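# Secondary and tertiary structure notes
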Amino acid sequence: MGLPALEFSDCYLDSPQFRDRLKSHELELDKTNKFIKELIKDGKALIQALKSLSTAKRKFADSLNEFKFQCIGDAETDDEICIVTFVCVFLCLCVVRLHQIENANDVLIMPLERFRKEQISAAKEARKKYDKETEKYCAVLEKHLSLSARKKESHLHEADNQVDNVRQHFYEVSLEYVFKVQEVQERKMFDFVEPLLAFLQGLFTYYHHGYELAKDFNHFKTDLTISIQNTRNRFESTRSEVESLMRKMKENPHEHKSVSQHTMEGYLFVQEKRSFVSTWVKYYCTYHREPKKVTMVLFDPKSGGKMGEEESFILKSCTRRKTDSIEKRFCFDVEAMDRPGVITMQALSEEDRRLWMEAMDGREPVGIDEQGLYRIVGVNSRVQKLLGLAMDPKTCADVELDNPEWEIKTITSAIKHYLRMLPAPLMTYQYQRSFIKAAKMDNPEDRVTEIHALVHRLPEKNRQMLELLMKHLANVASHHQQNLMTIANLGVVFGPTLLRPQEETVAAIMDIKFQNIVVEILIEHHERVSGRIPANENLKTAHRGGAGLKKSRSVWLCVIVTDNSVCDCVPLSATSPSPTSPRSPSWPMFSAPSSPQPTSSASSDSSPVSIAGRKALALYACKAEHDSELSFIAGTVFENVHASREPGWLEGTLDGRTGLIPENYVEFL
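In this text, all values refer to a predicted model and were calculated from it rather than measured experimentally. (Residues numbered from 1 in each chain as written. Predicted model: local features only at pLDDT ≥ 70, side-chain atom pairs only at ≥ 80, totals over all residues. Heavy atoms only, no water.)

Time to look at the overall build of the protein chain. Of the regular secondary structure elements, the protein chain holds 20 helices and 13 strands. With 669 residues in all, the protein chain has 48% of them scored as buried. Taking contacts inside the protein chain between residues at least 6 apart in sequence as the whole, the part at least 24 apart equals 68%. If you sum the accessible surface of the protein chain, you get close to 33,200 Å²; carbon and sulfur atoms cover 51% of it. (Helix = DSSP H or I, 4+ residues; strand = E, 2+ residues; numbered from the N terminus. Buried < 20%, exposed > 50% of the residue type's maximum accessible area, 1.4 Å probe, protein only. Contact = heavy atoms within 4.5 Å. Areas by Shrake-Rupley, 256 points an atom, 1.4 Å probe, with all protein chains shown as cover.)

Evaluation of the coordinates by the stated rule reveals nine aromatic pairs. Judged by centre distance (6.0 Å) and plane angle (20 degrees), the rings of Tyr130 and Phe170 are stacked. Linking Tyr130 in helix H5 (residues 104–145) with Phe170 in helix H6 (residues 153–191), this pair joins segments that are 40 residues apart in sequence. Across the pair, exposure class does not vary: Tyr130 and Phe170 are buried alike. Ring geometry for Tyr374 and Phe494: centres 5.2 Å apart, planes at 65 degrees, overall edge-to-face. On the criterion of sequence distance, the pair formed by Tyr374 in the loop between helix H9 (350–359) and helix H10 (380–391) and Phe494 in helix H16 (residues 487–498) is long-range, its members being 120 residues apart. There is no split in this pair, since Tyr374 and Phe494 are both buried. (Phe/Tyr/Trp six-rings, centres within 6.5 Å; stacked < 30°, edge-to-face > 60°.)

Backbone geometry at Asn640 places phi at a positive 50 degrees, although glycine is not the residue there. Residue placement: Asn640 occurs in strand E10 (residues 637–643). A positive phi angle, near 55 degrees, is found at Asp655, a position not held by glycine. Among the structural elements, Asp655 can be located in the loop between strand E11 (649–654) and strand E12 (657–662).

Within the largest apolar cluster, 82 residues are counted, with the highest numbers of intra-cluster contacts made by Phe332, Val334, Met345, Trp356 and Met360. Counting the residues that make up this core, at least three belong to each of domain 1 (15–247) and domain 2 (264–360). In contact with Met345, not counting residues within four places along its chain, are Leu268, Phe269, Val270, Trp280, Met296, Phe313, Phe330, Cys331, Phe332 and Val334. Within the second largest apolar cluster, 49 residues are counted, among which are Ile368, Met465, Val493 and Phe494. (Core = buried A, V, L, I, M, F, W, Y, C linked by side-chain atoms within 4.5 Å. Domains from an automatic or database assignment.)

On to the pairing of E11. Most of E11 is tucked away, with five of its six residues classed as buried. Note: E10 against E11, three bridges, orientation antiparallel. Across the sheet, Glu639 pairs through a bridge with Thr653, a residue of E11. As paired elements, E11 and E12 share six bridges and run antiparallel to each other. Each residue of the ladder has a partner; that of Leu654, found in E12, is Arg657. Between E11 and E12, which pair antiparallel in sequence order, lie two residues; one of them, Asp655, sits at a positive phi of approximately 55 degrees. (Pairing = 2+ DSSP bridges.)

So, about the pattern of salt bridges. Side chains carrying opposite charge are able to pair once their charged atoms draw close together. Scanning all chains against the criterion turns up 30 salt bridges. Residues Arg150 and Glu327 are paired through a salt bridge, measuring 3.1 Å at the closest nitrogen-oxygen approach. Note that Arg150 is positioned in the loop between H5 and H6 and Glu327 in the loop between strand E4 (305–320) and strand E5 (331–336), a separation of 177 residues in sequence. The exposure class of Glu327 is partly exposed, given its relative accessible area of 42%. Put simply, Arg353 and Glu350 hold a salt bridge, and the shortest N to O gap is 2.8 Å. Linking Arg353 with Glu350, this pair stays in helix H9, spanning three residues, or about one helical turn. (Salt bridge = Lys/Arg side-chain N within 4 Å of Asp/Glu carboxyl O.)

Averaged over all residues, the pLDDT of the protein chain equals 78, while 77% of them reach at least 70. Across the protein chain, the element-wise mean pLDDT spans from 41 in helix H20 (residues 538–542) up to 93 in helix H18 (residues 512–524). A low-confidence stretch, residues 538–610 (pLDDT under 50), is modelled with 219 contacts involving residues beyond four sequence positions or located in other chains. (pLDDT = per-residue confidence, 0-100.)

Moving on, we come to the sheet that holds E11. Read across the open sheet, the five strands follow the order E12-E11-E10-E9-E13; overall the sheet is antiparallel. Two strands in the sheet have a free side with no partner beyond their single neighbour: E12 and strand E13 (666–668). For this sheet the average axis-to-axis angle between neighbouring strands, irrespective of direction, equals 45 degrees. Here strand E9 (residues 614–618) runs beside E13; their pairing, made up of three bridges, is antiparallel. Directly across from Ala616, in E13, lies its bridge partner Phe668. (Axes fitted to C-alpha atoms, helices over the stretch in contact; angles between N-to-C directions.)

A few words on the side chain of Thr295. Mapped onto the secondary structure, Thr295 falls in strand E3 (residues 293–300). For Thr295, a relative accessible area of 12% translates into the label buried. With sequence-adjacent residues up to four places away left out, Thr295 is seen in contact with Tyr284, Cys285, Thr286, Glu310, Glu311 and Ser312.

All right, on to the side chain of Gln182 then. Counting through the fold element by element, Gln182 comes out in helix H6. Setting aside anything within four residues of it in sequence, one finds Gln182 in contact with Ala5, Leu6 and Ile72.

What follows concerns the environment of Leu175. Within the secondary structure, Leu175 is located in helix H6. Residue classification places Leu175 among the buried positions, given a relative accessible area of 0%. Once residues within four sequence positions are removed from consideration, Leu175 is found in contact with Phe8, Cys11, Tyr12, Met246, Met249 and Lys250.

At a minimum axis separation of 7 Å, H16 and H18 run at an interaxial angle of 120 degrees. As H16 runs across H18, the sense of the crossing is right-handed. Seen from H16, the contacting residues are Ile487, Ala488, Leu490, Gly491, Val492, Phe494, Gly495, Pro496 and Leu498; seen from H18, they are Ile512, Gln515, Asn516, Val519, Glu520, Ile523 and Glu524. Looking at side-chain class alone, the contact of H16 with H18 contains ten nonpolar, four polar and two charged residues. (Left-handed = near helix turned anticlockwise from the far one by under 90°. Nonpolar A, V, L, I, M, F, W, Y, C, P; charged D, E, K, R; others polar.)

Within helix H12 (residues 432–439), six of the eight residues are buried, leaving the element largely enclosed by the surrounding structure. For H12, the complete set of buried residues consists of Gln432, Ser434, Phe435, Ile436, Ala438 and Ala439. Packed against the buried residues of H12 are helix H13 (444–455) and H18.

The subject of this paragraph is the packing of helix H2 (residues 16–48) against H5. Orientation of H2 relative to H5, taken along the N-to-C sense of each, is 155 degrees, at an axis distance of 10 Å. By the criterion of interaxial angle, the relationship of H2 to H5 is roughly antiparallel. For the pair H2 and H5, the sense of crossing is left-handed. Of the residues contributing to the contact of H2 with H5, the split by class is 14 nonpolar, five polar and nine charged. (Parallel < 35°, antiparallel > 145°, perpendicular 65-115°, else oblique.)

Structure below.
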């Protein structure tokens, strides 16, 4: 098999395979140079050492026999075969004793010296220039890619222009070097063999049986002369075409790149995290669209060889990284089907990143910067589907919110819908009026102080959920320049949900603006409100406990608030976290009225009146979760209903069995 052809388009990819092919040409040139030097030495010895002519002649012939011509391409022409065969013929003819050689130095030694100095030396100089430009380009590129995205735009633009100039110069040097290497490989077929032919012809003149030898060699000499001339003619024609192609690629490099719609390949820097630091390692990566397979080879052109084994994985997703989420430029994240975690990669330029993302079907980042977060509603059918899966004990563990099926607006709508459909609001009917009164205070500091105290009067589960929700909303508001959701906008969205009144009256409607103010205060001062308990509240909270939330099942819906991570999880409890609601109806019961008015609940801050043994009517169906509780359907009548020792629960008798009943599920008769 001959030497592989060097395509000019490979100069732009600069792949490991291209480097291997180029290296084989370089080794061949080194071998040729070494051989010519040895041949010249042997030729001089042949001319000067007439006494040891036979030995020198045999060594000369053996050197020729050991050297094999390597032609470019996977097949040889008849002319090339004839030229290669000439060496074997010469070996057979060199057994004749040599008496005298005239002008042998001009015929053999000088042409070989000239070919070695003018052609091979020029190729070596081109190689040095190519290696130097390779190191320079890689150094400039690494320095350029290490620039912080926080630099001034003018500085970054200037840096981009500089690296483009260096890259263009590197490509030009690479093209010229490849052109020179192939030129020398082709030229040696006649510049090297022709002196040998002339030298052999001289030998025949002075051989004892020169005439007979020349006669025997005549037919082959004719064929060889024709083959050499044909090879020269083909070289001249192909050289002009190849040179023309090289000039075209210099002028319009992007039009001649080898780009396939099914494959993308090139260098990428991959972030590798070790201990407490992260490093960026250069890989040559290839992506095949059909099997979605990504292959990475650790390789550095400056070292001239592979540095690691080949790695591959099946692509799951590709997402662009925003510049404000990472110090590096041109970054994107990929997820693999067969390995955990996210792999962060850095392309060589913005255009290079665009090509990679197009090939990998990449998507733009979404999350906390999405405009209208919590204000824009999702498709109702998708919202109901998500809630149905999240509230079902059999499927809740399988819900993956990073699945492309669940849009951000679907998740946020599901959270709002859940909070709206709770039988009692998260901040409870009991303290609803107190929060409104606090928002109406004249002194802003007094408002915060009073709301702080009221939050710590809420049942523990309510307070925990409220604190987590406010922390998340504060994070959303901190990105208001991108998502346009200020604290005031979030207050409008969540005020009526978290502080809805027990009765819809004109007065309640007029207080909606104060509901919004309460939520604004909670978001703006969430760190203070969720901090230590006010001094005057310590005694109250010490005896309040969990407000009857017994082993409630919780479902967590997470809001994607960064480009590539999931955080700020908001819990959706399957039991209502209100002081008057130890348990919410099961999810199918969310279609029931959301604001029942049982006589056992008080709408003010005062404690409820003690309940004597009476009859009560079930407003909703309920399934017991523990042996101490009763299961019943809507319309069931309980006997001997009275307050239990557990807050938020009543105790009653049904069909002769006594057990606990959720206080907000019944109405006294």
